[in-house]
Amino acid sequence: MPSRPRLADAPWLVLDALVGWLAAWQLVALAAVYVGLSFDVLTALGVLAFGGALLPALTRPWEVPEREDEPVSAVRWWWVVPALLVMPLAQQGLESRAMAVGVMALITLPLAAVHVAPRARVAPSTELRADALDVVSLAVTGVAATLITTALCRPDVDDGYYLNEVLQTLLHPDLAVLSFDGIHGVPGAPLQQVIHRPQTYEALVAFVCRLTGGEPRTVYWLWMPAVVAALSPLAWWSVARQLVPRLAWLAVPLTLGVLCTWGDGPQTIARFGLPRLFQGKSVFVFAMVAVVVHASLRHASEGTWRSALRLAAAGLAASLFTSTALVVAPIAVGLALLAGLRPDRAGLRTFGTGLLTTTPLLITLVLSFLELRAAGGLASDGYQQADTTSLGNMRSALALAWLASVPWWMGDRPQRLLVARYVVVSVLIVASGLGPLLLGEVVADLLNWRTFWAIPFAVLMGVGAACGLESGWRAVVTWRPMDVARVGWLALLATMFVRAGDWSVEKNGIEVHFAQPKVKPGFEELADAVLALAGPDDVVAAPPDASQALAMRADKPKLVGVWVRYLNNLTRFWGQEETDRRLAVLEYTRGTKPMGLPADVLDTLCVRVLVVAAKRRSENDREGLGAIGFTMVREVAGHVIWVRPRERLPGGCR
């Protein structure tokens, strides 16, 4: 075991340094959030957090315990019987769909037989040092991922919230971090998404803006996604290198291929990837789950305080990107540790210390839950998806079948048993619906479908594909029936997977505009027109998309509303009567339902600029708006802009 790192250890040093910095940032940011420190103070602490990049000096990733790999153990088929017990849960978790349940059975029964095995030690490979092929693969895949994500333009409905948080943090550095609502312009309004308080990614983007002087929209939409895309292959490689060391170089680009292909629904795993890599939750799914799994596998193998420190840092680093990680990251840790669990004293101790590393996340989750209860809960119940939708309606069965095939494609590699156990545990706990069931009503209601994020599907599929292609190469030379069967099954699954629906880098509102802001041009033009008429102290009522475009501007006016759920979540602050008024005006601006002009409400809310859908142009509306001082100015992007002079506002509004 070398006492000093070598050049071949550089990827591990870089990975641990990045994780250390992000973990240190999350620690100081959480302190700022829960103590009530300002962004000015957080900036000073954030500079100190760069010291976390020294984590490799403690984790010493170049030191890998030497051991002999255990041979793959014999199958014990009597373990098939317990697998039958999970079928009712599988049926519940996958909405009683006959095909999905059949796939669950096909996966669970044979893999449960492999999972059983004896008291053999199962652990990742010790061949961790990178070679020339690894370096080339990481560089090429990183460049490709960066070019793709920089070229894709997919505006997202949540940007009005996330980017606004970045802008308002920079505009009000004297206020407590992540404590206030900056969308509606109402003094004293709290952050309406209480569950996002531990999610400090937006504060990190603001921190980068302050350090570099970068324009927030450019940093958020272009700089950060490009850096994440370039470094993400390192996260995938860290898992692949432990499972198939000689094929990790091939598994990395294949993982990118899976993520480019896996579309067919707005909520699929790959949709939270290249097209939306500017959002923290996409960074978590795209890269950080793999980082957590890598750290868990190393701890299962090494069981030292150094590996435990690396695992704790990985969990903290992952949690800054999305509050969902407070639940999903501990699940990801548990799945990986269970896969490598040895039923002896040392194995149980390693398993226990691994679980203990998630304590900071669980403490933060409790704090978040207490704040949520104190706020009276969320008026909006969260956005749920059916379990199969999380994987993609057309591709869920194929993805699960692919996952189940990975151990078979791995052949006689010693790590096959580890992967088989991991797949079994993941399917039984997460894909069966048992995980959300055990999480309880409160957490499951908000995070039910996202429990699938705990499994690094794309990386495992890339590993399996690499092994299958290797079998194909051998088949060309030897024509062994088993190698032919393996590559044939891979070709069939891959063809069906690619042809099953839309790709994740096409359609669903995606356009190709290299290095451009992720916006809808029409609504940007509309925002420009409104900002030419309204100042920061003016109140603007506009439909959701137009209000969202305004919320993403530093010089935004006060907004009546953006989305219904945002208004509902602030009912705890301004009361139901105020929420009803704002909802009425928001509904009127959309023009989707026949309704009278809410003239009194427009006066009560002090609305000076009104943007309505062009179809809302009846004579009664014209007369009513004219009666309270509004004049139609112009039509932009299918919307009409009305303005009234300040002197025509009610007396209490001036």
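Just above sits the structure.
This report concerns the structure included in the present document. For clarity, every value in this text was computed on a predicted model and none was experimentally measured.

Calculation rules
- Residues numbered from 1 in each chain as written.
- Predicted model: local features only at pLDDT ≥ 70, side-chain atom pairs only at ≥ 80, totals over all residues.
- Heavy atoms only, no water.
- Helix = DSSP H or I, 4+ residues; strand = E, 2+ residues; numbered from the N terminus.
- Buried < 20%, exposed > 50% of the residue type's maximum accessible area, 1.4 Å probe, protein only.
- Areas by Shrake-Rupley, 256 points an atom, 1.4 Å probe, with all protein chains shown as cover.
- Expected span 1.5 Å × (residues − 1).
- Polar contact = N/O pair within 3.5 Å; in protein donor to acceptor, adjacent residues only side chain to side chain.
- Pairing = 2+ DSSP bridges.
- Phe/Tyr/Trp six-rings, centres within 6.5 Å; stacked < 30°, edge-to-face > 60°.
- Lys NZ or Arg CZ within 6 Å of the ring centre and 35° of its normal.
- Patch = residues over 30% accessible without salt bridge, like charges linked within 9 Å, V, L, I, M, F, W, Y side chains within 5 Å.
- Salt bridge = Lys/Arg side-chain N within 4 Å of Asp/Glu carboxyl O.
- Contact = heavy atoms within 4.5 Å.

## Structural notes on the overall build of the protein chain
- Counting secondary structure elements, the protein chain contains 29 helices and 7 strands.
- Relative to its 654 residues, the protein chain shows a buried fraction of 60%.
- Approximately 25000 Å² of the protein chain is accessible, and the part contributed by carbon and sulfur atoms is 63%.

## A closer look at helix H10 (residues 216-243)
- Between its first and last C-alpha, H10 extends 40 Å over 28 residues, near the 40 Å set by a 1.5 Å rise per residue.
- A large share of H10 lies buried, amounting to 23 of its 28 residues.
- At the N-terminal boundary of H10, the capping side chain belongs to Glu215, with an oxygen 3.1 Å from the backbone nitrogen of Arg217.

## Observations concerning the sheet that holds strand S7 (residues 639-643)
- Overall, mixed pairing links the 5 strands, which are arranged S4-S3-S5-S7-S6 in an open sheet. Since the sheet does not close on itself, it has two edges, and those belong to strand S4 (558-559) and strand S6 (631-636), each with one partner.
- Pairing of S6 with S7, which is carried by 5 bridges, proceeds in the antiparallel orientation. Across the sheet, the residue bridging to Thr631 is Val643, located in S7.

## Here's the deal with the packing of aromatic side chains
- Applying the stated criterion to the full structure yields 17 aromatic pairs.
- Taken together, a centroid distance of 4.9 Å and an interplanar angle of 40° make the contact between Trp12 and Trp237 tilted. Of this pair, Trp12 sits in helix H1 (residues 10-35) while Trp237 sits in helix H10, and the two are 225 residues apart along the sequence.
- Through successive ring pairs, a cluster of aromatic residues spans Trp262, Trp402, Trp409, Phe457 and Phe497.
- Over the ring of Tyr34 we find Arg197, and its NZ or CZ is 5.6 Å from the ring centre.

## A closer look at the pairing of strand S5 (residues 607-613)
- When you tally the buried positions in S5, you get 7 out of 7 residues, the bulk of the element.
- Both strand S3 (residues 539-541) and S5 contribute to a ladder of 3 bridges, which runs parallel. Residue pairing in the sheet places Val540 in a bridge with Val609 of S5.

## Description of unusual backbone geometry
- In this structure, Leu178 is a non-glycine residue whose phi angle is positive, near 50°.
- Inspection of the secondary structure puts Leu178 in the loop between helix H8 (159-171) and helix H9 (201-212).
- In this structure, Ala637 is a non-glycine residue whose phi angle is positive, near 50°.
- Tracing the backbone shows Ala637 in the loop between S6 and S7.

## Overview of a nonpolar patch on the surface
- Where nonpolar side chains cluster on the molecular surface, the patch consists of Ile363, Val366, Leu367, Phe369 and Leu370 and spans about 420 Å² of accessible area.
- Tracing the backbone shows Leu370 in helix H16 (residues 359-374).
- Judged by relative accessible area, Leu370 falls into the partly exposed class, the value being 48%.

## Looking at the pairing of S7
- Most of S7 sits out of view: 5 of its 5 residues are buried.
- Going residue by residue along S7, you find His639, Ile641 and Val643 tucked away on one face and Val640 and Trp642 tucked away on the opposite face as well.
- Bridging between S5 and S7 involves 5 bridges; their strand directions are antiparallel. What sits directly across from Val609, in S7, is Val643.
- Taking the residues that link successive antiparallel strands as the turn, the S6-S7 hairpin has 2 residues, and the phi of Ala637 there is positive, at about 50°.

## As for the environment of Thr631
- Summarising the element assignment, Thr631 is placed in strand S6.
- Along the primary structure Thr631 and Ile641 are separated by 10 residues, whereas in three dimensions their C-alpha atoms are 8.5 Å apart.
- If near-sequence neighbours (up to four positions away) are discounted, Thr631 is found in contact with Ile641, Trp642 and Val643.

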